[in-house]
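Chain by chain, the residues run as shown.
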Amino acid sequence: MNDIVDAFRIIPVIWWQCSILIIQYMKLFYIDRCLPMGLSTATDVWGNVADASIAILHQQLVIAVRRWVDDYVGFRSPTHWDGGTPIFGVDLDDVRRVLGRLGLSCHPKKTTDFADTFTWFGIDWCISKCTSHITPKKQAKYLARIYPLLLESSSVLFRDMRKLVGQLMHVTLVEPAGRFHMRAIIAFTAGFIDEFKPHWVPDSVRTELTWWRDRMEAGPCGGPLPIVFPDVGIAIHSDACDTGIGIMVDRKAKYWPLKRGRSEERRVGKECSQGV
């Protein structure tokens, strides 16, 4: 596990774009010459650098690397076996060496060595048992957000529901059964017209949240990793925006527009992913 230090701040800005990254503080103006945190396009720019670094790691160290923004997780295979002990040809120092040559530094406290069990993306993973579970800290955080909404005559703001939807969708990555208990929650969140006006929580939403409460109180959410089926060679893509949703299957596309007047209200699909 590697967390890149100041991932955005190490990416310089093209000189002709500096004029739009000026900050005023104490009656003085400052030019930001590197990508700032919070800039919507910064993630895409950093993604180009991150993907290139992953390709280089794979080419030089023959390891598989996945990432979530600036959090890397690497997988290595043994070169041979000494009796029943696997012998690996790559260690954490090798990863640091390659990344260091690229100008990327690993966070000293957030970086861990290769291991059978590790935490990544808020999920505890175990390679030998092929299991994944939401971390206890994350699960307790999500559960605490559910409790107040189960009270009778409870109300909630859009920003709080948006965060909750994103958090529950995060859990469904390792708890697929939860997907069947999201319909009313998502529909309720999508129906907010005034994001600063609290809405009463309907019974349908409270029913689904009760299922989530009971599931989280029963133990860690997660279980065995899903079976990966062989690639059938059909490319499938989907995307959603303020005006509708589209899907493309093997170069054949279909688009479903939102009903007129609903595009302003249907922000949940675009914004709830920020709640994790």
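Going by the structure above, here's the rest.
Owing to the predicted nature of the structure, the values given are computational and were not obtained by experimental measurement.

With that settled, consider the overall build of the chain. Counting secondary structure elements, the chain contains seven helices and 16 strands. Taken along its principal axes, the extent of the C-alpha atoms in the chain is 60 × 60 × 45 Å. Within the span of the chain, comprising 276 residues, buried residues form 33% of the whole. Restricting the contact set of the chain to residue pairs at least 6 apart, pairs at least 24 apart contribute 58%. Carbon and sulfur atoms make up 59% of the accessible area of the chain, which amounts to about 18100 Å² in all.

Before going further, it helps to examine the pattern of salt bridges. Inspection of the entire model under this criterion finds six salt bridges. Arg 206 is the partner of Asp 203 in a salt bridge, and the nearest nitrogen-oxygen pair spans 3.0 Å. Of this pair, Asp 203 and Arg 206 both sit in helix α6 (residues 203–218), three residues apart, roughly one helical turn. Judged by relative accessible area, Asp 203 falls into the exposed class, the value being 58%. When its relative accessible area of 14% is taken as the criterion, Arg 206 is described as buried. Across the pair Arg 213 and Asp 214 runs a salt bridge, and its minimum N-O distance is 3.0 Å.

Between its first and last C-alpha, helix α4 (residues 158–171) extends 20 Å over 14 residues, near the 20 Å set by a 1.5 Å rise per residue. The set of residues buried in α4 consists of Phe 158, Met 161, Leu 164, Val 165, Gly 166, Gln 167, Leu 168, His 170 and Val 171.

Looking now at unusual backbone geometry. A positive phi angle, near 50°, is found at Asp 250, a position not held by glycine. Look at Arg 251: it is not a glycine, yet its phi comes out positive at around 70°. A residue is classified by how much of its surface remains accessible, and Arg 251, at 79% relative accessible area, is exposed.

Turning our eyes to something else, we now look at the packing of α4 against α6. The N-to-C vectors of α4 and α6 enclose an angle of 50°; their axes lie 13 Å apart at closest approach. Taken together, the axes of α4 and α6 are oblique relative to one another. The way α4 lies across α6 gives a crossing that is left-handed. Between α4, through Leu 164, Leu 168 and Val 171, and α6, the contact on the second element is made entirely by Leu 209, Trp 212 and Met 216. Tallied by class, residues from the contact of α4 with α6 come to six nonpolar, no polar and no charged.

This part is about the side chain of Thr 172. You can see Thr 172 is positioned in the loop between α4 and α5 (183–190). In this structure Thr 172 comes out as buried when scored by relative accessible area, which is 3%. Here Thr 172 is in contact with Gly 178, Arg 179 and Trp 212, once residues within four sequence places are set aside.

Taken in spatial order, the three strands line up as β14-β15-β16 in an open sheet, and their pairing is antiparallel. The open sheet has two edge strands with one neighbour each: β14 (236–241) and β16 (252–257). The sheet shows a mean angle of 10° between the axes of neighbouring strands, taken without regard to direction. Relative to β16, strand β15 (residues 244–249) runs antiparallel, the two being bridged by six bridges. Directly across from Val 249, in β16, lies its bridge partner Lys 252.

Rules used throughout
- Residues numbered from 1 in each chain as written.
- Predicted model: local features only at pLDDT ≥ 70, side-chain atom pairs only at ≥ 80, totals over all residues.
- Heavy atoms only, no water.
- Helix = DSSP H or I, 4+ residues; strand = E, 2+ residues; numbered from the N terminus.
- Buried < 20%, exposed > 50% of the residue type's maximum accessible area, 1.4 Å probe, protein only.
- Contact = heavy atoms within 4.5 Å.
- Areas by Shrake-Rupley, 256 points an atom, 1.4 Å probe, with all protein chains shown as cover.
- Salt bridge = Lys/Arg side-chain N within 4 Å of Asp/Glu carboxyl O.
- Expected span 1.5 Å × (residues − 1).
- Axes fitted to C-alpha atoms, helices over the stretch in contact; angles between N-to-C directions.
- Parallel < 35°, antiparallel > 145°, perpendicular 65-115°, else oblique.
- Left-handed = near helix turned anticlockwise from the far one by under 90°.
- Nonpolar A, V, L, I, M, F, W, Y, C, P; charged D, E, K, R; others polar.
- Pairing = 2+ DSSP bridges.

So, to be careful, I would describe these as geometric facts and stop short of saying anything about function.
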